[in-house]
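Remarks on the overall topology
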Amino acid sequence: MEHLTQPQDLSPAGVLAYTAITGLIAKHGLQTGGCKAFYSPREWFARGERYGTRSELVVVYDGGELGEVCRMDGAFYSELVEALKGQHLYVEECTGWYAAVYPC
């Protein structure tokens, strides 16, 4: 699915986060709602966004089930927290439509 494409310029930590999140998407059969789900910090900055530009990965879930992974009240959030913790990463819910992954 094109809207789940891995950004080309991710750091190694960003690739780990991407892999963890896409694993949960597959495990739980989640949909994105049709929007592009993953951005590198550079791509995010190029869009003119102010927050999340120093992260390892930005995850957009506007209107999709992917929010169940990235929102603090999401059904699969605790699974993501545990998966990222092992990689020394954490997810931060930025707004009601995107989150960013940072190093611990």
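Residues numbered from 1 in each chain as written. Predicted model: local features only at pLDDT ≥ 70, side-chain atom pairs only at ≥ 80, totals over all residues. Heavy atoms only, no water.

**Quick word on the sheet that holds strand β2 (residues 57-60)**
Cut-off, in case you're wondering: Two strands pair if DSSP finds at least two bridges between them. Counting from the N terminus, the helices are the DSSP runs of H or I reaching at least four residues and the strands are the DSSP runs of E reaching at least two. We call two residues in contact whenever any of their non-hydrogen atoms come within 4.5 Å of each other. Axes, fitted as lines to C-alpha atoms, cover a helix only where it is in contact. Angles between the N-to-C directions of the axes lie from 0 to 180 degrees.
An order of β1-β2-β4-β3 is seen for the four strands of this open sheet, with the pairing classed as antiparallel. Edge positions in the sheet fall to β1 (38-39) and β3 (89-93), since each has one partner strand and no second. Taken together, the four bridges between β2 and strand β4 (residues 98-103) define a ladder with antiparallel strand orientation. Within β4, the residue paired with V58 across the bridge is A100. The sheet contacts of helix α1 (residues 12-28) involve β1, β2, β3 and β4, and relative to β2 the element is tilted by about 25°.

**Regarding the pattern of salt bridges**
Convention followed: Every case where a carboxyl oxygen of Asp or Glu lies within 4 Å of a side-chain nitrogen of Lys or Arg is listed as a salt bridge. With a 1.4 Å probe rolled over the protein chains alone, any residue whose accessible area is under 20% of its type maximum counts as buried; one over 50% counts as exposed, and the rest are partly exposed.
A full pass over the atoms with the stated rule returns seven salt bridges. Notably, a salt bridge pairs E68 with R71, separated by 3.1 Å at the nearest N-O pair. Overall, E68 belongs to the partly exposed group, its relative accessible area being 24%.

**What to know about the pairing of β3**
Every regular strand shows the same layout, with side chains that alternate between the two sheet faces. Note that β3 and β4 share five bridges and pair antiparallel. Looking at the pairing, E93 lines up with A99 of β4. The hairpin turn running from β3 into β4, its antiparallel successor, is four residues long.

**Focus: the side chain of E56**
Note the cut-off: Here the positive residues are Lys and Arg and the negative ones are Asp and Glu; neither His nor the chain ends is included. Under the rule applied, a polar contact is a pair of N or O atoms within 3.5 Å (in protein, one hydrogen donor and one hydrogen acceptor; residues adjacent in sequence only if both atoms are side-chain atoms).
Within the secondary structure layout, E56 lies in the loop between α2 (41-46) and β2. Put simply, E56 is tucked away with no salt bridge, and the nearest opposite charge, on R54, sits 11 Å away. Here the side chain of E56 touches S11 through a polar contact of 2.3 Å, side chain to side chain. Contacts of E56, omitting those with residues within four sequence positions, involve L10, S11, A13, G14, P41, L89, V101 and P103.

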